[in-house]
Amino acid sequence: MDLTILYRGPLASCDYDCPYCPFAKRRDSTERLRADRAALERFTRWAGERTGDRLSVLFTPWGEGLVRSWYRRALVELSHRPHVRRVAIQTNLSCRTDWLADADPATVALWCTYHPGQTPYERFLAKARDLADRGVRFSVGVVGLPAHLAHARRLRAALPAHVYLWVNAAEGHTYTDEEAALWTALDPLFPYSRHPHRSAGLPCRTGESVVSVDGDGTVRRCHFVRAELGNLYDGSYRARLAPRPCPLAVCDCHIGYVHLETLPLYDVFAGGVLERVPAGHPPQPLAPVPLSPPERRPPTPPEADRAP
């Protein structure tokens, strides 16, 4: 079985205080951190032992994972497993990068977000260049707020040419065609992020070859659909894996809509779906991009028992 897993444990703390994020400057209790560590170590053991499957793993923590040693260790360990095709994580890159010397650069990857005002520009750029020097696969992106445009342009000009800079449409922000053109000049694939995608009844790879897993091992088709498919550790999820249409009206997050079969993004990101690295650079937008459905919904914290 070829299976892509989006893993999200109990961790919900971050060292940044971005005003557009509900998890800014949150602190997890000692008990929660211990639970997160135990859950991640359990998952890492399970993934390491699934030698009969081909696995791809993306860690999508609510907060910042790489400032915790157990996330760094998990990426290193899984990067050396022959049956793990890719292991990646979403990160603000606030951590050091020397630990990557122990990882297999052919397997490990980072999805990095630059948050202007949260970290000195030169520090972030130095870390990005270090990743490039190490031969680590990574992408870099920003949230498409007007105040971030100059920062994004500066970063694009300084990054190595082969590094893809993506732009995420800001939650609740509507872009005029003129504004969208400015962001598209930096990220040719921005039109896919500009509007949520209608998804109701459309075929999606989630629930068949892509699943979401939480710290308890509960398997769902994705982070955005609460219906359970079973549990990872007792194997009950496997019998439920099957093609099924999306039950939601819209999908407005890249880690969700990238798996829609009605979009060409598996071709665009061939070999780099998890770390958001296009097959070619610079990427070219593919038309048509679906028209916009209803406006975006604000993110919901995990305490509300909803996916992000």
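Residues numbered from 1 in each chain as written. Predicted model: local features only at pLDDT ≥ 70, side-chain atom pairs only at ≥ 80, totals over all residues. Heavy atoms only, no water.

## Focus: the pairing of strand β9 (residues 210–214)
Argument step 1. Burial within β9 is extensive, with five of its five residues counted as buried.
Argument step 2. Residues V210, S212 and D214 of β9 are buried on one face, and the alternating residues V211 and V213, pointing to the opposite face, are buried as well.
Argument step 3. Across five bridges, strand β1 (residues 2–8) lies against β9 in parallel orientation. Each bridged residue has a counterpart across the sheet, and for T4 the counterpart in β9 is V210. (Buried < 20%, exposed > 50% of the residue type's maximum accessible area, 1.4 Å probe, protein only. Helix = DSSP H or I, 4+ residues; strand = E, 2+ residues; numbered from the N terminus. Pairing = 2+ DSSP bridges.)

## Structural notes on the packing of aromatic side chains
Two aromatic rings are characterised by how far apart their centres lie and by the angle between their planes.
Argument step 1. Inspection of every chain in the model, using the stated rule, returns 10 aromatic pairs.
Argument step 2. Between W111 and W166, the aromatic rings sit 5.8 Å apart at their centres with planes inclined by 70°, giving edge-to-face as the arrangement. Linking W111 in strand β4 (residues 108–113) with W166 in strand β6 (residues 165–168), this pair joins segments that are 55 residues apart in sequence.
Argument step 3. The class of W166 is buried, set by a relative accessible area of 1%. (Phe/Tyr/Trp six-rings, centres within 6.5 Å; stacked < 30°, edge-to-face > 60°.)

## As for the pattern of salt bridges
Argument step 1. For the structure shown, the criterion picks out 14 salt bridges.
Argument step 2. For R32, the salt bridge identified is with D28, shortest N-O distance 3.2 Å.
Argument step 3. A salt bridge links R220 to E228, with the nearest nitrogen and oxygen atoms 3.5 Å apart.
Argument step 4. According to the relative accessible area criterion, E228 is partly exposed, its value standing at 48%. (Salt bridge = Lys/Arg side-chain N within 4 Å of Asp/Glu carboxyl O.)

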